[in-house]
Structures are given as structure tokens and as C-alpha cells.
Amino acid sequence: MMAAAMLVGCAPKNEGAVQEKSFMDLARARFAVREYSQQPVEQAKIDSILEAGRLAPTAKNIQPQHVYVLQSEEAIAKINELTRCAYHAPVVFLVCYDTTLVWTKDGENSGNMDCSIVGTQMMLEATELGLGTCWVKWFDAAEVAAAFELPANHKPAFIMPCGYAAEGVQPHANHFSRKPLSETVTYK
């Protein structure tokens, strides 16, 4: 399928007709949600979000990511104790990378980069499905690893709270502030 294919399903909740949206419309629609309803997230939607991450490109296609789906009452309580930025979402994706699988060159590894690509695809799929997310690094990785008894080779990269946005949630005021391309791009 062509990259310019239209995405379906981004119609506002109050409109009956499904509208076709482009990738740029989807990218613009996504914002950090910091307040969630407690409506459960359907397993099919969780599966679709995880599949979007699985399809993400990684360095040399090694796929070092490992995603922990925190959704039990105990797991959600634990992550909310470890960071104020889980926002009491009904689902939190704990995105890690396997330190024994990452591609390494010149002393640097691809773990955070690979997880970032995986996470971006997961966030955009969640948006497509009518869910909100937030990218969070505000936690102590060692404490999270210990609390969830992760294997020593699984290093937490970030967490991603996910769920239906609470009624009336809007993007933060600075969400729409974007530098012009002239400040972020240089042609040589």
C-alpha cells in the first residue's frame, strides 16, 4: 500500500460518518493526555497498539524491545507509586530494551532509539483507535525494574500511560507551539 494511503477512524466522536484522514492529520491530532477515564481499554485495541510497535523498524532489525503491559490493579497501583506521571491510566506500557540484543557501535547502543521508534508507532496507533497516551521518562529506571522484577537485561526506556481521555481533556497550551522549519532544518 502506498505511503500516502488514507487512514480511517479519526472521525470526531460526535460525528456519525467516518472521515478519511491523512498521516499528517493523525500526527497533528495526537497530544499528551494526562488525565484518563477509568473506562477499560479493549483487548483488541491493546493488541493493535502492540502490533504497531512490533512492526516498527529497529537498528539492523534486531528488535530488542520488550513491552510490559501494566493493567492489573496491583501493577497500576505500583507504577502510580513509582511516578506521578502514570496519571492513573487504566493501562501503562512499560517499554524496555534487551541489553543483550541491542546493536552497538562505537560504545553506543541502539536501545533507546529502537524503543523510541516502537513507542512512536504505538502512540500513533492508539490515537487512531481513539485512545490517549503520554510519553513519560519521569521515573527511576532501576526502581521500576526492581519493583516489577524485570530480568537484569531488560532496561526500561520509558512508560506510556494509555486509555480513554477523561471528559473535557484538551492539549496543553504549549502543545501547539512549534518552531518553524527554518530553526530546525539546515540544507547543505
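Structure report, in brief. All figures in this text were calculated on a predicted structure; none of them were measured in a lab.

**Describing the nonpolar core**
Formed by 25 residues in total, the largest nonpolar core has its most connected members in Leu70, Ile79, Val92, Leu94, Phe148, Leu150 and Ile159. Elements with a minimum of two residues in this core: strand E3 (65–70), helix H3 (73–82), strand E4 (91–98) and helix H5 (141–147). Excluding anything up to four places from it in sequence, isoleucine 79 contacts Leu70, Ala86, Val92, Val144, Phe148 and Ile159. Core analysis: the next-biggest nonpolar cluster, separate from the first, contains 20 residues, Ile49, Val91, Met122 and Tyr164 among them.

**Here's the deal with the pattern of salt bridges**
Under the criterion given, the structure shown has three salt bridges. Taking the shortest distance from any N to any O, the salt bridge between glutamate 51 and arginine 54 comes out at 2.7 Å. With a gap of three residues between them, glutamate 51 and arginine 54 both fall in helix H2 (residues 43–54), about one helical turn apart. According to the relative accessible area criterion, arginine 54 is partly exposed, its value standing at 48%. In this structure, lysine 105 and aspartate 106 form a salt bridge, with 3.4 Å as the shortest nitrogen-oxygen distance. Residue aspartate 106 is classed as exposed on the basis of its relative accessible area, which comes to 69%.

**Notes on the packing of aromatic side chains**
Scanning the model with the defined rule gives one aromatic pair in all. Measuring from centroid to centroid gives 4.1 Å for tryptophan 135 and phenylalanine 158, while their planes differ by 20°, and the two rings are stacked. Of this pair, tryptophan 135 sits in the loop between strand E7 (132–133) and H5 while phenylalanine 158 sits in strand E8 (residues 154–163), and the two are 23 residues apart along the sequence. Judged by its relative accessible area of 33%, tryptophan 135 is partly exposed. The exposure class assigned to phenylalanine 158 is buried, which follows from its relative accessible area of 3%. Lying over the aromatic face of phenylalanine 148, lysine 78 brings its terminal NZ or CZ to 5.1 Å of the ring centre.

What counts as what
Residues numbered from 1 in each chain as written. Predicted model: local features only at pLDDT ≥ 70, side-chain atom pairs only at ≥ 80, totals over all residues. Heavy atoms only, no water. Core = buried A, V, L, I, M, F, W, Y, C linked by side-chain atoms within 4.5 Å. Buried < 20%, exposed > 50% of the residue type's maximum accessible area, 1.4 Å probe, protein only. Helix = DSSP H or I, 4+ residues; strand = E, 2+ residues; numbered from the N terminus. Contact = heavy atoms within 4.5 Å. Salt bridge = Lys/Arg side-chain N within 4 Å of Asp/Glu carboxyl O. Phe/Tyr/Trp six-rings, centres within 6.5 Å; stacked < 30°, edge-to-face > 60°. Lys NZ or Arg CZ within 6 Å of the ring centre and 35° of its normal.

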